[in-house]
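# Overview (structure and organization)
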Amino acid sequence: MTRSVEDFMKTATNEQKDILFKLGELAEQEQKISNEINKIYSSTKSGVYSSDGFSLSICEDKDDAMVLSAKPRQELKRVKEQIKLYMIKAKESEMSDVGIIQRNYEHYAGKSL
């Protein structure tokens, strides 16, 4: 049976709550970094990219975008690895019945619950 986060939180331990909170933080980081990478690749249309609104970098093709996105892609990989570890912690902490864990576990952990 799948439980909503709201229902789960009524009986969750502090450790389980911390896991869900950390997963939420990491998901926000993942989204932010993914958006930045997408912005870099979209900038190939205009030929220039600005990460801070002031400085400009030439970004005319995918090779340029690949170079400019190297650091964010490394950061994204690190965040996804942390999400994987927290997903495994969630399973070990008997949170496999929480919907958000069920829907995302296989994607991040690379195996089914």
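Presented here is an overview of the structure given in this document. Throughout, a residue's number is its position along its own chain's written sequence, starting from 1. A pLDDT threshold of at least 70 governs which residues receive local features in this predicted model, and a stricter bar of 80 or more applies before side-chain atom pairs are shown or counted, although totals over entire chains, interfaces and linings include all residues. Side-chain metrics in this entry use all non-hydrogen atoms of the structure; hydrogen atoms and water are not considered.

## What to know about the overall build of the protein chain
Here a strand is any run of E in DSSP of at least two residues, a helix any run of H or I of at least four, and the numbering for each starts at the N terminus. If you tally the helices and strands in the protein chain, you get five helices and two strands. A radius of gyration in this sense is built from C-alpha atoms; the matching globule rule multiplies 2.2 Å by the number of residues raised to 0.38. Compactness check: the protein chain gives a C-alpha radius of gyration of 18 Å against a globular reference of 13 Å for 113 residues, more than 25% above the reference. With the principal axes as the frame, the protein chain shows a C-alpha extent of 50 × 25 × 20 Å. Type-normalised accessible area, obtained with a 1.4 Å probe on protein chains alone, sets the label of each residue: buried when under 20%, exposed when over 50%, and partly exposed for intermediate values. Put simply, the protein chain has 113 residues, and 28% of those count as buried. Put simply, 52% of the contacts in the protein chain that link residues at least 6 apart link residues at least 24 apart. All accessible-area figures derive from a Shrake-Rupley calculation using a 1.4 Å probe, and residue coverage is judged against the displayed protein chains alone. Of the roughly 7700 Å² of accessible surface on the protein chain, a fraction of 51% belongs to carbon and sulfur atoms. When the 18 positive and 19 negative side-chain charges of the protein chain are each reduced to one mean point, those points stand 2 Å apart. In what follows, residue pairs with any heavy atoms lying within 4.5 Å of each other are defined as contacts. For this count, His and the chain ends are skipped, Lys and Arg are scored as positive, and Asp and Glu as negative. Charged groups are reduced to one reference atom each: NZ for lysine, CZ for arginine, CG for aspartic acid, CD for glutamic acid.

## Some details on the packing of helix 4 (residues 70–92) against helix 5 (residues 99–109)
The axes used here are C-alpha line fits, helices contributing only the stretch in contact, and every angle between their N-to-C directions lies in the interval 0 to 180 degrees. Packing of helix 4 against helix 5 leaves a shortest axis separation of 9 Å and a crossing angle of 130 degrees. Judged by the inter-axis angle, helix 4 sits oblique to helix 5. In this structure, the crossing between helix 4 and helix 5 has a hand that is left-handed. Counting all contacts with helix 4, which are made through Lys80, Ile83, Lys84, Met87, Ile88, Ala90 and Lys91, the residues of helix 5 involved are Ile100, Ile101, Asn104, Tyr105, Tyr108 and Ala109. Under this grouping Gly is polar, as are all residues other than the nonpolar Ala, Val, Leu, Ile, Met, Phe, Trp, Tyr, Cys and Pro and the charged Asp, Glu, Lys and Arg. Residue composition of the contact of helix 4 with helix 5, by class: nine nonpolar, one polar and three charged. Roughly parallel covers angles under 35 degrees, roughly antiparallel covers those over 145, roughly perpendicular covers 65 to 115, and oblique covers all other angles. Left-handed describes a crossing whose near helix is turned anticlockwise from the far helix by less than a right angle; the clockwise case is right-handed.

## Focus: the side chain of Gln16
With respect to the helices, strands and loops of the structure, Gln16 is situated in helix 2 (residues 14–42). By relative accessible area, which is 10% here, Gln16 ends up buried. Only 2.9 Å separates the side chain of Gln16 from the backbone nitrogen of Thr13, close enough to count as a polar contact. What Gln16 contacts, discounting residues up to four positions off in sequence, is Phe8, Thr11, Ser93, Glu94 and Met95. Under the rule applied, a polar contact is a pair of N or O atoms within 3.5 Å (in protein, one hydrogen donor and one hydrogen acceptor; residues adjacent in sequence only if both atoms are side-chain atoms).

## A word on the environment of Tyr105
Along the chain, Tyr105 turns up in helix 5. Overall, the relative accessible area of 1% leaves Tyr105 in the buried class. In sequence terms Tyr105 and Lys17 are 88 residues apart; their C-alpha atoms lie 17 Å from each other. Not counting the four nearest positions on each side in its chain, Tyr105 is found in contact with Met87, Ile88, Lys91, Gly110, Lys111, Ser112 and Leu113.

## Let's talk about the layout of surface pockets
In this model, the largest pocket occupies a volume close to 180 Å³. Throughout, the protein atoms alone are placed on a 1 Å grid, and a set of points is a cavity if a 1.4 Å probe fits but cannot get out or a pocket if it is open with protein on both sides within 12 Å along at least five of seven lines; lining residues have an atom within 4 Å of a point. Surrounding the largest pocket, Val5, Leu20, Leu23, Gly24, Ala27, Glu30, Ile83, Met87, Ile100, Ile101, Asn104 and Tyr108 form its lining. Looking at the lining of the largest pocket, the elements that each hand over two or more residues are helix 2, helix 4 and helix 5. By residue number, the principal contributor to the lining of the largest pocket is helix 2, which donates five residues. Partitioning the lining of the largest pocket into residue classes produces nine nonpolar, two polar and one charged. Grid points are joined across faces, edges and corners, and a volume is the space filled by probe spheres set on the points.

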